[in-house]
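Each chain is listed here by its residues.
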Amino acid sequence: MLTASVLSVPKSAGEPSEDAAALDLARGRIAVCDGASRALASGPWARCLADRFVAAPPDDFGEEALACWVRAAAEEWSAGIRLPAEAPPYLSDAVARGSFATLLGVVVEAAPPGAGSVWWRAVAVGDTCLVALRAGAVVRSFPLDGPEQFTSAPALVPTSAGALPGALSTADVTSGACGVGDVLLVMTDALARWALGRAARGGEVWRFLTEVAPGDFEGEVRLLWRRGELEVDDVTLVRCGVVVGV
Amino acid sequence: MTYQQRIDRRRPGCFLFLVDQSGTMYEPIGGSAQVRKGQALSDTVNDVLYAVLIECTKDVREEEPRHYFDIGVIGYGGPDMVVPLVGGGRDLLVPSAQLPRHARVETREKLQWDGAGYRSVSRRTMVWLDPVWQGSTPMCGALQHAHRVLKRWVSRHRDSFPPIVLHVTDGMATDGDPRRPAARLRKLRTADGNLLLFNLHLSARGEDAVYFPAETAKSTDPATALLYEMSSELPANLVEEAGYAGRIAPGARGFVYNADVPELVDFMRIGTATTSRVRAG
């Protein structure tokens, strides 16, 4: 059995976050997506991807199945875009270029009876990260495991069919097992980069992220912003724990 | 650390294009006899402004694109003409939100890749700039004008990424030595670093281009050395964000000599790579 909580802080008060997180714990599905700030309607695209992943994830995480799944999501996104009549050409071209978002999806499945653990598999496009913890120590950091690996141009899932083949060839897939007391953390890029950087100086950061009270999280993020330790960006953290062996 | 600042509506970026409109811009670019230098330049600047507009479009329900950038285009030609080509208000810079008001919509033939090859398609696009070629090359006047405009901008945007000036010419200044006004311009700064001045020289002869060099060659002619000296070093993160890491050496200057159209496009892409630094808000 899984428990999970979503903590998020938008980068600016007057602007909705372009991160999206979705959970279906009964079916063991978690998704976090980060809409690219520079793209059109990227918050709705991130939301579309996350919601569709937990409702009906790709049949498998191979490139072909992913492409098919993304195309269906992109149709839903496009249907939500209403171009005004007599739209100037830049609006039409912005819609044609489409939107972009990262995707980190996890599917947790029951292990054989008596195994005392759950199995999980994850797919990632971009720099939203999954960190698996056991007894407070990292057993897997996916798809990135060091702060120096974050770039200003992460891989992104596009809405445009023409851009799909190249984009999905960058998808990373991994799997693992975890038992009672283990924790899965899913974080958007700014928080993941900060945490992986801090982890190099000791493991307290994982305890902080696992234990910080939801009501204190925003204040802690804002403090890190003020100190200049954390990039001012939308922040989303999903904490998922295994409480009973499946 | 300099050149790190993200761009949003509270901390907009700034592009200023300095466009040579002297008489020699009538010559064909790269010796091709197909396209004149002035035409290639105005087409490229129009394409860049259009691309910036798309980058500033976050929501089709909003009446305007977002104000992520302030943009100026200053043309210079003869005799002693230095004029804003887009806008022309008190600040001589146009917020990206207002760019559409300064353009006309045209249908133009463009080459488009369809997977098998390029084909010509009619597309509606926006035009801010028309080709002009006339008289001399008052480059010093243009650089001084840029200084006046951007001095005011940096004083109002201390926390922004510093302005980027993209200067395209095909010749030598006819109103003095441009190194001094260029150096004065490069001294303007925000908290994130000094203004970046990039220079590109258009060729009419189809000779090999000097492409973002990290040092001047010993045999270099005086004009190349002068424009090299006028140019800022390219910040490494700008090169990476433009997708040119590995193609341009560390420490390279934002400078191209004997450019044809492909080098002009590269120059504009690198010079406007801060569009990838936009953070909604």
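Before any of the text, the structure's been laid out above.
Let me begin by describing the structure that accompanies this report. Everything numeric in this text was worked out from a predicted model, so none of it was measured. (Residues numbered from 1 in each chain as written. Chains lettered and ligands numbered in written order. Predicted model: local features only at pLDDT ≥ 70, side-chain atom pairs only at ≥ 80, totals over all residues. Heavy atoms only, no water.)

1. Some remarks on the overall build of chain B
Here is step 1 of the chain: Check the secondary structure of chain B and you find 6 helices and 12 strands.
Here is step 2 of the chain: Against the globule reference of 19 Å for 281 residues, chain B gives a C-alpha radius of gyration of 18 Å, in line with a compact fold.
Here is step 3 of the chain: Taken along the three principal axes of its C-alpha coordinates, chain B extends 55 × 45 × 40 Å.
Here is step 4 of the chain: A buried classification covers 55% of the 281 residues belonging to chain B.
Here is step 5 of the chain: The contacts in chain B between residues at least 6 apart in sequence include a share of 78% that link residues at least 24 apart.
Here is step 6 of the chain: Approximately 12100 Å² of chain B is accessible, and the part contributed by carbon and sulfur atoms is 47%.
Here is step 7 of the chain: Charged side chains of chain B number 35 positive and 33 negative; the gap between the two group centres comes to 7 Å. (Helix = DSSP H or I, 4+ residues; strand = E, 2+ residues; numbered from the N terminus. Rg over C-alpha atoms; globule rule 2.2 N^0.38 Å. Buried < 20%, exposed > 50% of the residue type's maximum accessible area, 1.4 Å probe, protein only. Contact = heavy atoms within 4.5 Å. Areas by Shrake-Rupley, 256 points an atom, 1.4 Å probe, with all protein chains shown as cover. Lys, Arg positive; Asp, Glu negative; His and termini not counted. Charge placed at Lys NZ, Arg CZ, Asp CG, Glu CD.)

2. Here's the deal with the overall build of chain A
Here is step 1 of the chain: From N to C terminus, chain A includes 7 helices and 12 strands.
Here is step 2 of the chain: At 18 Å, chain A has a C-alpha radius of gyration in line with the 18 Å of a compact globule built from 246 residues.
Here is step 3 of the chain: With the C-alpha coordinates aligned to their principal axes, the bounding extent of chain A is approximately 60 × 45 × 30 Å.
Here is step 4 of the chain: Taken across its 246 residues, chain A has 51% of its residues classed as buried.
Here is step 5 of the chain: For chain A, the proportion of contacts with a sequence separation of at least 24, taken over those separated by at least 6, is 71%.

3. Observations regarding the sheet that holds strand S3 (residues 29–34) of chain A
Two orientations exist for strands paired in a sheet by backbone hydrogen bonds: parallel and antiparallel.
Residues and elements named next belong to chain A.
Here is step 1 of the chain: Taking strand neighbours across the sheet as the criterion, the 5 strands line up as S2-S3-S5-S6-S10 in an open arrangement whose pairing is antiparallel. Looking at which strands have only one partner, the edges of the open sheet turn out to be strand S2 (19–24) and strand S10 (172–179). Between one strand axis and the next, the sheet turns by 15° as a mean value, whatever way the strands run.
Here is step 2 of the chain: Where strand S5 (residues 103–110) lies against strand S6 (residues 117–125), 8 bridges are found, and the strand directions are antiparallel. Bridged to Gly105 within S6 is Val123. (Pairing = 2+ DSSP bridges. Axes fitted to C-alpha atoms, helices over the stretch in contact; angles between N-to-C directions.)

4. Describing the interface of chain A and chain B
Here is step 1 of the chain: Contact with chain A, which involves 28 residues of that partner, is made by 28 residues of chain B.
Here is step 2 of the chain: A combined buried area of about 2200 Å² lies between chain A and chain B, and 50% of that area is made up of carbon and sulfur atoms.
Here is step 3 of the chain: Taken together, the connections running from chain A to chain B amount to 7 salt bridges.
Here is step 4 of the chain: Among the ionic pairs, A:Arg97 bridges to B:Glu55, the shortest N-O distance being 3.0 Å.
Here is step 5 of the chain: One can count 15 residue pairs in polar contact (both at pLDDT 80 or more) joining chain A with chain B.
Here is step 6 of the chain: Top contributing element to the side of chain A that touches chain B by residue count: helix H3 (residues 89–97) of chain A, with 7 residues.
Here is step 7 of the chain: Per-class residue counts for the side of chain A that touches chain B are 14 nonpolar, 5 polar and 9 charged. (Buried area = accessible area lost by both parts, 1.4 Å probe. Salt bridge = Lys/Arg side-chain N within 4 Å of Asp/Glu carboxyl O. Polar contact = N/O pair within 3.5 Å; in protein donor to acceptor, adjacent residues only side chain to side chain. Nonpolar A, V, L, I, M, F, W, Y, C, P; charged D, E, K, R; others polar.)

5. What about the environment of B:Leu18?
All names here are of chain B.
Here is step 1 of the chain: Note that Leu18 resides in strand S1 (residues 13–20).
Here is step 2 of the chain: Along the sequence, Leu18 and Met139 sit 121 residues apart, while their C-alpha atoms lie 8.9 Å from each other.
Here is step 3 of the chain: Not counting the four nearest positions on each side in its chain, Leu18 is found in contact with Ile74, Tyr76, Ala142, Leu143, Ala146, Val165, Leu166, His167 and Val168.

6. Description of the pattern of salt bridges
Here is step 1 of the chain: Within the structure shown, the criterion is met by 31 salt bridges over all chains.
Here is step 2 of the chain: A salt bridge links A:Arg198 to A:Glu229; the nearest nitrogen and oxygen atoms lie 3.3 Å apart. Residue A:Arg198 is located in helix H5 (residues 189–199), and its partner A:Glu229 is located in the loop between helix H7 (214–227) and strand S12 (235–242); the two are separated by 31 residues in the primary sequence.
Here is step 3 of the chain: What makes A:Arg198 partly exposed here is its relative accessible area of 29%.
Here is step 4 of the chain: Looking at A:Glu229, the relative accessible area reads 35%, which means it is partly exposed.
Here is step 5 of the chain: Here B:Glu229 ties to B:Arg179 by a salt bridge, and the two come within 3.4 Å at their closest N and O atoms. On the criterion of sequence distance, the pair formed by B:Glu229 in helix H4 (residues 222–230) and B:Arg179 in helix H3 (residues 179–186) is long-range, its members being 50 residues apart.
Here is step 6 of the chain: Accessibility expressed as a relative area gives 42% for B:Glu229, which makes it partly exposed.
Here is step 7 of the chain: The structure contains a network of salt bridges with shared partners spanning B:Asp43, B:Arg104, B:Glu106, B:Arg108 and B:Asp130.

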